[in-house]
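An overview of the molecular structure
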There are 2 protein chains.
Amino acid sequence: MRVSELGEFGLIARLQSRIAQEPAPPASSPFPSTDGHRELILGIGDDCAVWRRGSDIHLATTDTMVQGVHFSLETTPWLDLGWKALAVNLSDIAAMAGIPDYALVTLGLPGEVDVDGIDSLYEGVLDCARSYHTFLAGGDIVSSPVWFVSVSLTGHPSAPVPYPNNVLLRSAARAGEVIAVTGQLGSSAAGLRLLQEGGHPEQHSLARAIQTHRRPVPRLDTGRLALEAGVRCGMDVSDGLVGDLSKICAASGAGAEVHLPDLPVDPAVREAFPGAWPGFALSGGEDYELLMTAPAEVIDAVRERSDLPLTVIGRVVPGEGVTVTDERGRQVSLTATGWDHLAAHLH
Amino acid sequence: MRVSELGEFGLIARLQSRIAQEPAPPASSPFPSTDGHRELILGIGDDCAVWRRGSDIHLATTDTMVQGVHFSLETTPWLDLGWKALAVNLSDIAAMAGIPDYALVTLGLPGEVDVDGIDSLYEGVLDCARSYHTFLAGGDIVSSPVWFVSVSLTGHPSAPVPYPNNVLLRSAARAGEVIAVTGQLGSSAAGLRLLQEGGHPEQHSLARAIQTHRRPVPRLDTGRLALEAGVRCGMDVSDGLVGDLSKICAASGAGAEVHLPDLPVDPAVREAFPGAWPGFALSGGEDYELLMTAPAEVIDAVRERSDLPLTVIGRVVPGEGVTVTDERGRQVSLTATGWDHLAAHLH
């Protein structure tokens, strides 16, 4: 079987089930005097791995961006690429309501490139690290025919309470809860589309969308506030709302209903892409907003305490999978040509 | 300036000096209740980064292998590639005398490959993880036109004593100490050469060299024993003896003299490559042996306690750089055509 038939998520699920069969290494290693108790609390399948040694809990995540697949130097300047490579990892820590600690940055690059670009890239990484109190601890630089940036990031829970109440989990959604999302959806996809079409960032009403695409802002504060307020289920929207919400559904053994008209979408994006915006918002990806589920009053409490807009977009229901309905309550479903095409029919 | 003019190590040094200018994030973050004291003790420039949060010390390292640059599927089977991707990181933990904790594994791969190969690759990773009590905590799978495997690995010091006495450092070599290396040098390079020339692994006196190339063994036990015995300076030989010893010299502000005839080289390698073996041993790379410096009696103590051969190959001297001498005490120097060519003159 080819990887392309299985898909990235199919492949990850396959490996996850294989790795789950693997016996854990002994909790007390051959070196009990320094090791203490070691335990992998949460492996593959959430935004971060959760690991315990002694009384200390670590969060860890890694994300990689490959040229031509996850970024293009045509649409993402070096400085922004560096920022984004770290920010998308910070977003995973935010999705666990964690506090970032230190990052390792690996850069794969062809030899025949100019050093100035690399300097800019690292300035972007450092700028992002500085903004979120993260230490750049090391990394690697390797020769590669294609550019890639791979970041590993550790962190720790923000709440001094036992697991699982110290983190937001994909598996904690319960029927009856509402589904809420921070900020706006679809802006990154809209910004990318504009850049691909040759639009100039500064001279456009979509400047904010382009900024969202290039320099996503990890929702660290809101993640922590949400946990404090009593939210237990969260993840970040990196692969598109419906795809990511499906992961919450699968992990929680629940279904979800999303109301398309309630999605928070920048008016400038709606105006510039009247047919395509629902597709951007439902499955555009790279939003890096926080998706959470909780009782309605808990979401209200988060909204009161957060500077960021927090919009209820649907609810958790018994069953499985994600259902999207339009303004007349009709079910919208994904077709082979994507949400864009479908969305065009709705208007 | 092009990256190719600066070289990998030049580029790393450039970034290291830039990052060193960066003010550290505040030790007490906005979240003092859970953070405790946070400190990057040792950043770029050794085998691992060393990090403290509260009373807990972490080691962290990352290494990436890119197809066509660091490996070829022609000469490295999937299973061995998985093993090696983790083992080279474990070697960095060994070089700090640490104990490995957990790994994140990122795989970049083209869509049109068979899933069987990937299954084998992860079997290799799991096999290595099991062998060295390491947890596979997560990772990422991304689409990429070129194969790569990137591993991040955390660990912790084996000795419950304060830094810097809980780790082996590149910067701790002192004039008057002897230089010692575990196992044998040049085998990996010899094994690779044979594979590139189409030699068959099983039918050859170099089967052991090929095994060394494909499945390096991290020297975790010896690293810990060395620290216990009083060794303070160590690193692993990944880029070749002379190159790596040069890094110890630069970090320690000292010079090194290496005696070519004393290098531990497999007799089968000497026989198969009578002209090339000195080059393999001095700069072949991928040995993943431990290089250490210490007073002679401390090295003797390590040798008594370790199952692994430990060979004195030279000594630390005042000055700078690495000098290699032949059996008549004449200085051997690297030429544009490498050590191989030069070595041929010596015989």
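Please read these numbers as outputs of a predicted model, since none were measured by experiment. (Residues numbered from 1 in each chain as written. Chains lettered and ligands numbered in written order. Predicted model: local features only at pLDDT ≥ 70, side-chain atom pairs only at ≥ 80, totals over all residues.)

Focus on the overall build of chain A
- Assigned secondary structure in chain A consists of 12 helices and 13 strands.
- For 347 residues, the compact-globule estimate of 2.2 N^0.38 gives 20 Å, and chain A sits close to it at 20 Å.
- Once the C-alpha set of chain A is aligned to its principal axes, its extents read approximately 65 × 55 × 50 Å.
- By residue count, 52% of the 347 residues in chain A fall in the buried class. (Helix = DSSP H or I, 4+ residues; strand = E, 2+ residues; numbered from the N terminus. Rg over C-alpha atoms; globule rule 2.2 N^0.38 Å. Buried ≥ 20, exposed ≤ 12 C-beta atoms within 10 Å, placed from the backbone.)

A short note on helix H4 (residues 115-131) of chain B
- Taking 1.5 Å per residue as the helical rise, H4(B) with its 17 residues ought to reach 24 Å, and the 24 Å between its terminal C-alpha atoms agrees with that figure.
- Every buried residue of H4(B) is listed here: B:Ile118, B:Leu121, B:Tyr122, B:Gly124, B:Val125, B:Leu126, B:Cys128 and B:Ala129.
- Considering only its buried residues, H4(B) is in contact with helix H1 (3-20) of chain A together with helix H3 (78-94), strand S4 (98-109) and strand S5 (135-143) of chain B.
- Two residues or fewer after H4(B) comes B:His133, characterised by a positive phi angle close to 50°. (Expected span 1.5 Å × (residues − 1). Contact = placed C-beta atoms within 7 Å.)

A closer look at the sheet that holds S4(B)
Residue and element names in this part refer to chain B.
- Ordered by their spatial adjacency, 6 strands build an open sheet running S1-S2-S3-S6-S4-S5, and the pairing between neighbours is mixed. Lying at the two open borders of the sheet, with one neighbouring strand each, are strand S1 (38-42) and S5. Going across the sheet, the axis of each strand differs from the next one's by a mean of 20°, ignoring polarity.
- Sheet topology places strand S2 (residues 49-53) next to strand S3 (residues 56-66); 5 bridges connect them, and they run antiparallel. (Pairing = 2+ DSSP bridges. Axes fitted to C-alpha atoms, helices over the stretch in contact; angles between N-to-C directions.)

Description of the interface of chain A and chain B
- Taken together, the contact pairs 72 residues of chain A with 72 residues of chain B.
- Looking at the side of chain A that touches chain B residue by residue, the classes come out as 38 nonpolar, 21 polar and 13 charged. (Nonpolar A, V, L, I, M, F, W, Y, C, P; charged D, E, K, R; others polar.)

Details of the relation of the copies chain A and chain B
- Rotating chain A by 180° about the axis while translating it 0.0 Å along that axis superimposes it on chain B, leaving an RMSD of 0.0 Å. The operation mapping one copy onto its partner corresponds to a two-fold rotation axis.
- The fraction of interface residues of chain A whose copies in chain B are also interface residues reaches 100%, indicating that both copies meet through the same surface. (Least-squares fit on C-alpha atoms with pLDDT ≥ 70 in both.)

Focus on H3(B)
- In this model, H3(B) (17 residues) spans 24 Å end to end at C-alpha, consistent with the 24 Å of a helix rising 1.5 Å per residue.
- Counting buried positions over the 17 residues of H3(B) gives 15, a clear majority of the element.

Some details on the sheet that holds strand S10 (residues 289-294) of chain B
Residue and element names in this part refer to chain B.
- The 7 strands lie next to each other as S8-S10-S7-S11-S9-S12-S13, forming an open sheet whose pairing is mixed. Two strands close off the open sheet at either side, each with one partner strand: strand S8 (233-237) and strand S13 (331-332).
- With 5 bridges joining them, S8 and S10 adopt antiparallel strand pairing. Pairing of Cys-233 across the sheet is with Thr-293, part of S10.
- Running over the sheet, helix H7 (residues 220-229) touches strand S7 (178-182), S8 and S10 and is turned about 10° from S10.

Quick notes on the packing of helix H3 (residues 78-94) of chain A against helix H4 (residues 115-131) of chain A
All names here are of chain A.
- Their axes nearest at 6 Å, the elements H3 and H4 cross at an angle of 40°. In terms of orientation, H3 and H4 fall into the oblique class. The interaxial crossing formed by H3 with H4 has right-handed handedness. Here Trp-78, Leu-79, Asp-80, Leu-81, Gly-82, Trp-83, Ala-85, Leu-86 and Ala-87 of H3 come into contact with H4, specifically with Gly-117, Ser-120, Leu-121, Tyr-122, Glu-123, Gly-124, Val-125, Asp-127, Cys-128 and Ala-129. (Parallel < 35°, antiparallel > 145°, perpendicular 65-115°, else oblique. Left-handed = near helix turned anticlockwise from the far one by under 90°.)

Re the environment of A:Asn89
Residues and elements named next belong to chain A.
- Position of Asn-89 relative to the elements: it lies in helix H3.
- Taking the C-alpha atoms as reference, Asn-89 lies 13 Å from Asp-239; in sequence the two are 150 residues apart.
- In contact with Asn-89, not counting residues within four places along its chain, are Thr-61, Thr-62, Asp-63, Ala-103, Val-151 and Leu-153.

Comments concerning the domain arrangement of chain A
Residue and element names in this part refer to chain A.
- For chain A, the assigned domains are domain 1 (35-157) and domain 2 (170-346).
- Each of domain 1 and domain 2 has a C-alpha centre, and the two are 23 Å apart.
- Counting residues at the interface gives 18 residues for domain 1, matched by 21 residues for domain 2.
- Residue composition of the side of domain 1 that touches domain 2, grouped by class: 9 nonpolar, 4 polar and 5 charged. (Domains from an automatic or database assignment.)

Some remarks on the packing of H4(A) against helix H1 (residues 3-20) of chain B
- As a packed pair, H4(A) and H1(B) sit with axes 11 Å apart at the nearest point and diverge in direction by 25°. Relative to H1(B), the element H4(A) lies roughly parallel. H1(B) is crossed by H4(A), and the crossing has right-handed handedness. For the pair H4(A) and H1(B), contact is made by A:Val115, A:Ile118 and A:Tyr122 and by B:Val3, B:Leu6, B:Leu11, B:Leu15 and B:Arg18, respectively.

Details of the nonpolar core
- By size, the foremost hydrophobic cluster in this structure holds 207 residues, and its most contacted members are A:Leu168 and B:Leu168.
- Sequence-distant contacts of B:Leu168, defined by excluding residues within four places in its chain, comprise B:Ala95, B:Met96, B:Ala97, B:Gly223, B:Ala226, B:Leu227, B:Val231, B:Arg232, B:Cys233, B:Gly234 and B:Met292. (Core = buried A, V, L, I, M, F, W, Y, C linked by C-beta atoms within 7 Å.)

Points about unusual backbone geometry
All names here are of chain A.
- Here the residue pair Tyr-163 and Pro-164 is connected by a cis peptide bond, since its omega of 10° sits within 30 degrees of zero.
- If you trace the backbone, Pro-164 turns up in the loop between strand S6 (148-157) and strand S7 (178-182).
- The phi angle at Glu-286 is positive, at roughly 60°, despite the residue not being glycine.
- Counting through the fold element by element, Glu-286 comes out in the loop between helix H10 (277-283) and strand S10 (289-294).

Observations concerning the pairing of strand S5 (residues 135-143) of chain A
- In this structure, strand S4 (residues 98-109) of chain A lies alongside S5(A), joined through 8 bridges in parallel fashion. By the bridge assignment, A:Leu109 is partnered in S5(A) with A:Ser143.

Some thoughts on the pairing of strand S9 (residues 255-259) of chain B
Residue and element names in this part refer to chain B.
- Residues of S9 alternate between two faces, with Ala-256 and Val-258 buried on one and Gly-255, Glu-257 and His-259 left unburied on the opposite face.
- Looking at chain direction, S9 and strand S11 (residues 310-317) are connected through 4 bridges and run antiparallel. Bridging from a neighbouring strand, Ala-256 pairs with Val-316 of S11.

Re the environment of B:Gly138
- Relative to the helices and strands, B:Gly138 resides in strand S5.
- A residue is classified by how many C-beta atoms lie within 10 Å of it, and B:Gly138, with 29 of them, is buried.
- Note: C-alpha distance between B:Gly138 and B:Leu104 (34 residues apart in sequence) is 4.9 Å.
- If we ignore the near neighbours within four places in the chain, the residues touching B:Gly138 are A:Gly43, A:Ile44, A:Ala49, A:Ala60 and B:Leu104.

Section: the environment of A:Glu304
All names here are of chain A.
- Position of Glu-304 relative to the elements: it lies in helix H11 (residues 296-305).
- What makes Glu-304 exposed here is the crowd of 10 C-beta atoms within 10 Å.
- Separated by 120 residues in the primary sequence, Glu-304 and Gln-184 place their C-alpha atoms 18 Å from one another.

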